[in-house]
Amino acid sequence: MIMLLTILTLAEITRMPAAAAAATCSAPSVLSHRGYRSAGLENTLAAFDRALKTGSARVEFDVRFTTDHHPVLMHDATVDRTTTGTGQVAVMTLARFRALRTSGGQRPPTLDQALALLRGRAREALVELKQIPDSADLRALHDTYRRQSAFQWANLASFSSAALRAVDSIPARKGLVTRSAPSAALAGRYAFVEVRYDQLTRARVRAYRNAGADVYARTANNRDAWRRLADYGVTHILTDQSTAYLAWARQRCRS
């Protein structure tokens, strides 16, 4: 019964009744990596809106902090790759950051704007912290979560255990992101672990889940990987191909 509550219900990807779906579907739920990744869209409001409209109920994105302590969305330490500007996010004011444009003409958003868009529409936002927040950053992050009533649905994740310790006062689910497979003991310290998909095995997934941690597989973009991960019993799959994944999951769940 526990497994059925954590896997993707077919109601997320088809119009079948949820009760019938839960009995037949064994596809992990999908997290749209950086929203909807295409030219000029990643980590933007347009990316999240498109992901939701194409059927994804969960999105992942990256958060950094400006020099005046505002949480904003940007994957890289600099804005050079994804905007028409240059420079490090950490030395920009919010005003300078908001003056940027992506190659697709989007303004890179604040966390507050992203959560406002997703609230009531997404089942989960996965917020990856790319920096260790200082005390002023933490206050701003907490205020944003409170303002958007996001504690129950916007999970916090990071490669940095220090970043996760820094946000311990925020009552949201927290997960460790890893480049290699962590031990089950380490995984069990968190609500979930986000592991590179090619580092996962059936035994490792079972060990993590037995330790009480959900398993997020990152970032799988082909059917062979999706099939293998589903067979392993991972909880969620992060992908840049969420539309294709949902079509695959629909087919799997109907077979």
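All of these numbers come straight from a predicted model, not from anything done at the bench.

Some remarks on the nonpolar core
Ranked by internal contacts, the top residues of the largest apolar core, which has 30 residues, are Phe61 and Tyr145. Within the residue set of this core, elements represented by two or more residues are helix 3 (45-53), strand 2 (58-65), helix 5 (111-118), strand 4 (124-129), helix 6 (135-147) and strand 5 (154-158). Sequence-distant contacts of Tyr145, that is, excluding residues within four places in its chain, are made with Leu111, Leu115, Val127, Ala150, Phe151, Ala154, Asn155, Leu156, Ile170 and Ala172. Formed by 24 residues, the second largest nonpolar core is a distinct cluster that contains Ala27, Ala187, Tyr208 and Tyr245.

Topic: the confidence of the model for the protein chain
The predicted model of the protein chain has a mean per-residue pLDDT of 91, with 89% of residues at 70 or higher. Between the elements of the protein chain, mean pLDDT differs from a low of 38, seen in helix 1 (residues 2-6), to a high of 99, seen in strand 5. Within the model, the stretch residues 1-23 combines pLDDT values under 50 with 36 contacts to residues more than four positions away or in other chains.

Section: the pattern of salt bridges
Summed over the entire model, instances satisfying the criterion amount to 16 salt bridges. Linking Arg37 and Glu42 is a salt bridge whose minimum nitrogen-to-oxygen distance equals 3.3 Å. With its nearest N and O atoms 2.9 Å apart, the salt bridge here joins Glu128 to Lys130. Exposure remark for Lys130: the relative accessible area of 24% places this residue in the partly exposed category. Each of Arg34, Arg37, Glu42, Asp62, Asp76, Arg81 and Asp240 takes part in salt bridges that share partners, so that together they form one network.

Remarks on the packing of aromatic side chains
Applying the stated criterion across every chain, the model contains 6 aromatic pairs. Summarising the aromatic geometry, the rings of Phe48 and Phe61 are spaced 5.2 Å apart at their centres and angled 45 degrees between planes, so their arrangement reads as tilted. Here Phe48, found in helix 3, pairs with Phe61, found in strand 2; they are 13 residues apart in sequence, far enough to count as distant. On the accessibility criterion, Phe48 (0% relative accessible area) is buried. Residue classification places Phe61 among the buried residues on the basis of a relative accessible area of 0%. Linked through ring pairs, Trp226, Tyr245 and Trp248 together constitute an aromatic cluster. In this structure, Arg179 is placed above the aromatic ring of Phe159, and the distance from its NZ or CZ to the ring centre is 4.2 Å.

What counts as what
- Residues numbered from 1 in each chain as written.
- Predicted model: local features only at pLDDT ≥ 70, side-chain atom pairs only at ≥ 80, totals over all residues.
- Heavy atoms only, no water.
- Core = buried A, V, L, I, M, F, W, Y, C linked by side-chain atoms within 4.5 Å.
- Buried < 20%, exposed > 50% of the residue type's maximum accessible area, 1.4 Å probe, protein only.
- Helix = DSSP H or I, 4+ residues; strand = E, 2+ residues; numbered from the N terminus.
- Contact = heavy atoms within 4.5 Å.
- pLDDT = per-residue confidence, 0-100.
- Salt bridge = Lys/Arg side-chain N within 4 Å of Asp/Glu carboxyl O.
- Phe/Tyr/Trp six-rings, centres within 6.5 Å; stacked < 30°, edge-to-face > 60°.
- Lys NZ or Arg CZ within 6 Å of the ring centre and 35° of its normal.

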